[in-house]
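# Per-entry structural report
Chain residues, written in single-letter form:
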Amino acid sequence: MSVKSLDKIYNPKDFEHDGYRKAAHLFGPTGTGENYFSLLMPPPNVTGSLHLGHALTYTIQDILVRFHRIAGFDTIWQPGTDHAGIATQMVVARDLESAGIDPKSLSQDEFIDKIWEWKDKSGNNILDQQKALGCSAAWDYSRFTMDNGFCESVIEAFVTLYKSGLIFRDKRLVNWDTKLKTAISDLEIQNKEEKGTLWYIKYRIVDSSDFVTIATTRPETMFGDTAIAVHPDDERYKSLIGKMAIIPYSDRSIPIIADDYIDMEKGTGCLKVTPAHDPNDFAIGKRHDLEMISVIDMDGHLVSAYVPDLLRGLYLKKARKILVEKLTEDGTLTKEEEITHSVPYGDRSGTVVEPLLTEQWFVDAKAMAEEAIRVVEDNEIRFFPDKWKNTYFDWMRHIEPWCISRQIIWGHRIPAWYGPNGEIIVEKTEEEAFLVAEKLGIQIKQLRRETDVLDTWFSSGLWPFATFGWPKENSELLKRYYPTTTLVSGFDIIFFWIARMIMMSLFFMKKIPFKDIYIHALVRDEKGQKMSKSKGNVINPMDLIDEFGADALRFTLAFLSVPGRDIKFGRDHVKISRNFITKIWNAGRFLQSKGVLFTGSVSNINSKLNHWILVKLKNFKIEINKNIAEYRFDYATRNIQYFLREMFCDFFIEAMKFQDDDETKTVAGFVFAEFLRSANPFIPFVTEQLAETLGIIEDGSLVMARAKQIEPMNLSDDFEKEVDDFVELVHEIRSEKQLLGENNEKYNALMQKIQSWPGELRNLAQIVR
């Protein structure tokens, strides 16, 4: 066994990269043993780079994986990346433009080829960053949501759901990005608080000189109004229910209806209902069977025959300005009120998102949600912290059809073909679709292939089982590692990803996808503000790794991970962790300088001091195991700090200066080696380096090392308390000395007490000098 001298200075740059490379071949599953631990890595966007939120979730996952690997479990941490449809398409388009190529000049196939070229060249950046953080994932099993096998899984899932009646095509309201010309998900929207105006507009009652006044922030959509709604209990308007009102600058009249949704205290208590351009109005329209009139096109222009010639074809802002001027001139606009309201913007395009009525593909999420709700209600799947299940239930019990089609190029193309008379054929392959068409009497040349691609959340919803080879029946990975054990994620994708994985898994696998869901906190700056480029408070984790080392960043993130509380993160926290890790390094140097060996047995121990530290080690390991089982990574790091600093360094190592017999050295080596094993999941680089340099394990890696058992010890009931009392007295003397010096009555009394301590511990009284 090779033993080398530890460097005097702890410098993680000297060993972190090489240490990871040497251990990486041990990160895969063994496929043997009774117990397995299976974990999914939430697939980052292939365009992504590591941010602190990533660093937090990967650190927690790696702690769990390394802990179970050392405990003897057959572990697999399934990695991979997401093709990130819109994000990737935009990145590649910008790259092409910077190279003088107009993306619009390329055919669809040519553009897709360019995306694959970009992916092969630049798409692994975040994987390299994950490795720099120390992620011990099973890299040989890595998947990409657009690889051939995964594409087969997606097509299989879509066709099966369609033929089961759970996917359908319909004209419904979606979030429409007028710049990207596609539907987008709620997660791709940024709601910004902005100053705006509430305009009060009169609608004349038919066959009357009376008016009803509505308040709106979007007067230009009035030409798509199909009703005015009031609350059925509102005495001001009860007499108007059932009557008709005329839309200004229009010959069209619309009914005044009653609906419980209306807030009598908001605005005038009258709501103009525009079902084709507002999600709440759409719901009212469905309840009252109202006509859906679209007056905004996909480019954000005001259109439709119902729109006056003066406004038709104009962009919405310009149309609004002209309309307000006209309404003001003729007295139809009675009041303007300055307000602050939330406006939705596309996070990629930066343009206002319009609710538009368009033909799209949808999943009947409500039908799939029933079983997904039950498994959480029955605690088959548990949330940690428990409060997050309420968020899950709230979303799932009010779930709407899920729009899964996108009008972009990069993604899984929907396997659907259209016939000349509106026929829809959905099959796995073109050949199968052609056979169906022939049976229907449709000529192949009459078929038109769907150009839409699937929402990326559709493919990532299959992640728990598609990554393991589904739908192949002979997949050994699927048989061995599904269902997975734990999922670690942020709260913002409970609905977008977690809920959909549960629904998809229950439908296709008839089993839950994971047993526990640990929801980690949001990383904010040290003032508690959300990090953003505009605020200039973003901290790059790679900069922290470069300055302090990956272990210091990992330990900090785990230390600050208090359940249910956002993390206030600052560079000083990482510096403190680096200083603590330096203390571990220096402890190893001290033990090495004393000639300590790290492979001895700890049976037949005679010294009380040595018995005491072994009992503390045993209790420490029990606590660490308990902390990790309960997802209390904050408690675990505090226990690591307390044991190493307070018990091992500040007392036991200090005591070794006065008691350095062979037994004490053997115990010191054993305790330090076992401490490194317990701390390894949190700070793998330094513990691996110490283990290799000090010769703690023969293969030079803690990845597959098993913890040693501490032999039962015959100790008196009063034993641990006696040493604890002695340690407490030592701390009290040190504190008094630091506070008031040696020349005071209390200090002298304490010194007299320790010098007269009975038994072998009295020999350690010099520790306070």
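Definitions and limits used
- Residues numbered from 1 in each chain as written.
- Predicted model: local features only at pLDDT ≥ 70, side-chain atom pairs only at ≥ 80, totals over all residues.
- Heavy atoms only, no water.
- Helix = DSSP H or I, 4+ residues; strand = E, 2+ residues; numbered from the N terminus.
- Buried < 20%, exposed > 50% of the residue type's maximum accessible area, 1.4 Å probe, protein only.
- Contact = heavy atoms within 4.5 Å.
- Lys, Arg positive; Asp, Glu negative; His and termini not counted.
- Charge placed at Lys NZ, Arg CZ, Asp CG, Glu CD.
- Axes fitted to C-alpha atoms, helices over the stretch in contact; angles between N-to-C directions.
- Parallel < 35°, antiparallel > 145°, perpendicular 65-115°, else oblique.
- Nonpolar A, V, L, I, M, F, W, Y, C, P; charged D, E, K, R; others polar.
- Pairing = 2+ DSSP bridges.
- Right-handed = clockwise from strand over helix to strand, strands pointing away.
- Salt bridge = Lys/Arg side-chain N within 4 Å of Asp/Glu carboxyl O.
- Arc of directions from axis to C-beta.
- Left-handed = near helix turned anticlockwise from the far one by under 90°.
- Core = buried A, V, L, I, M, F, W, Y, C linked by side-chain atoms within 4.5 Å.
- Phe/Tyr/Trp six-rings, centres within 6.5 Å; stacked < 30°, edge-to-face > 60°.
- Lys NZ or Arg CZ within 6 Å of the ring centre and 35° of its normal.

### A closer look at the overall build of the protein chain
What the protein chain contains, in helices and strands, is 24 helices and 25 strands. Principal-axis analysis of the C-alpha atoms gives the protein chain an extent of 105 × 70 × 55 Å. Evaluated residue by residue, the protein chain yields a buried proportion of 54% over its 769 residues. Of the contacts made within the protein chain by residues no fewer than 6 positions apart, 77% connect residues no fewer than 24 positions apart. Counting 95 positive and 113 negative side-chain charges, the protein chain places the centres of these two groups 3 Å from one another.

### Some thoughts on the packing of helix α19 (residues 608-629) against helix α23 (residues 719-740)
Closest axis-to-axis distance for the α19/α23 pair is 10 Å, and the angle between their directions is 100°. Considering their axes alone, α19 and α23 lie roughly perpendicular with respect to each other. On α23, the residues that touch Lys 608, His 611, Trp 612, Val 615, Lys 616 and Asn 619 of α19 are Phe 719, Glu 720, Glu 722, Val 723, Asp 724 and Val 727. Tallied by class, residues from the contact of α19 with α23 come to five nonpolar, two polar and five charged.

### Structural notes on the pairing of strand β22 (residues 486-490)
The buried fraction of β22 is high, at five of five residues. Both faces of β22 are covered, namely the face carrying Thr 486, Val 488 and Gly 490 and the face carrying Leu 487 and Ser 489. Both β22 and strand β23 (residues 516-520) contribute to a ladder of five bridges, which runs parallel. Residue pairing across strands places Gly 490 opposite His 520, the latter belonging to β23. Taken together, β22, helix α15 (residues 494-508) and β23 form a β-α-β motif whose crossover is right-handed.

### Observations regarding unusual backbone geometry
Look at the link from Phe 384 to Pro 385: it is a cis peptide, with omega at -5°. Inspection of the secondary structure assignment puts Pro 385 in the loop between β15 (382-384) and α10 (388-397). A cis amide bond, omega 15°, links Trp 470 with the succeeding residue Pro 471. Looking at where Pro 471 falls in the secondary structure, it is placed in the loop between α13 (463-466) and α14 (476-481). Despite not being glycine, Tyr 249 has its phi angle at roughly 60°, a positive value.

### What about the side chain of Gln 689?
Relative to the assigned elements, Gln 689 resides in helix α22 (residues 684-694). Excluding residues within four positions of it along the chain, Gln 689 makes contact with Phe 15 and Trp 585.

### Details of the sheet that holds strand β5 (residues 167-177)
Strand order in the open sheet formed by four strands is β6-β5-β14-β16, and the pairing between neighbours is antiparallel. Each edge of the open sheet is held by one strand with a lone partner, namely β6 (182-184) and β16 (402-403). Here β5 runs beside strand β14 (residues 353-363); their pairing, made up of eleven bridges, is antiparallel. Paired with Arg 169 across the bridge in β14 is Trp 361.

### As for the pattern of salt bridges
This structure, assessed with the given rule, holds 47 salt bridges. Between Lys 114 and Glu 117 there is a salt bridge, with its nearest N and O atoms 4.0 Å apart. Here Lys 114 pairs with Glu 117, and both are found in helix α4 (residues 108-122), just three residues apart, close to one helical turn. Overall, Lys 114 belongs to the partly exposed group, its relative accessible area being 28%. A single salt-bridge network, built from bridges that share partners, covers Arg 218, Glu 220, Arg 320 and Glu 354.

### As for α10
Among all positions in α10, only Trp 388, Tyr 392, Phe 393 and Met 396 are buried. Angular distribution of buried residues about the axis of α10 spans 145°; they occupy a single face of the element. Tucked inside the fold, the buried residues of α10 contact α9 (365-377), β15, α15 and β23.

### Quick look at the packing of helix α20 (residues 633-656) against helix α21 (residues 662-679)
Where α20 meets α21, the closest approach of the two axes is 12 Å, and the angle between their N-to-C directions is 165°. Classified by the angle between their axes, α20 and α21 sit roughly antiparallel to one another. The interaxial crossing formed by α20 with α21 has left-handed handedness. Across from Ile 640, Phe 643, Leu 644, Phe 648, Phe 652 and Met 656 in α20, the residues of α21 making contact are Thr 664, Lys 665, Val 667, Ala 668, Val 671, Phe 672, Phe 675 and Ala 679. A per-class count over the contact of α20 with α21 returns twelve nonpolar, one polar and one charged.

### Overview of the nonpolar core
Within soluble globular proteins, side chains that are nonpolar generally end up buried alongside one another. Phe 569, Ile 613, Phe 648 and Phe 672 are the most contacted members of the largest nonpolar core, which totals 113 residues. With 13 residues, α20 is the largest single contributor of residues to this core. Ile 613 has contacts with Phe 643, Met 647, Phe 648, Phe 652, Val 667 and Val 671, leaving out every residue within four places of it along the chain.

### Digging into the sheet that holds strand β18 (residues 416-418)
The strand order across the open sheet formed by three strands is β19-β18-β20, and the pairing between neighbours is antiparallel. A single partner strand is all that each edge strand has here, and the edge strands are β19 (424-426) and β20 (448-449). Pairing between β18 and β19: three bridges, direction antiparallel. When the bridges of β19 are listed, Trp 417 appears paired with Ile 425.

### Considerations on the packing of aromatic side chains
What the rule picks out here adds up to 39 aromatic pairs. Relative to Phe 15, the ring of Tyr 10 lies with its centre 6.2 Å away and its plane at 45°, an arrangement referred to as tilted. Taking the relative accessible area as the measure of exposure, Phe 15 reaches 6% and is therefore buried. With a centroid separation of 5.4 Å and an interplanar angle of 85°, the aromatic rings of Trp 116 and Trp 410 are classed as edge-to-face. Separated by 294 residues along the polypeptide, Trp 116 in helix α4 and Trp 410 in the loop between β17 (405-406) and β18 bring together distant segments of the chain. Taken together, the ring pairs connect Phe 598, Phe 620, Phe 643, Phe 648, Phe 652, Phe 672 and Phe 675 into an aromatic cluster. A cation over an aromatic ring shows up here: Lys 335 above the ring of Tyr 200, its NZ or CZ 4.7 Å from the ring centre. The ring of Trp 402 is capped by Arg 500, whose NZ or CZ atom sits 4.1 Å from the centre of that ring.

Any functional reading would require information beyond the geometric quantities listed.
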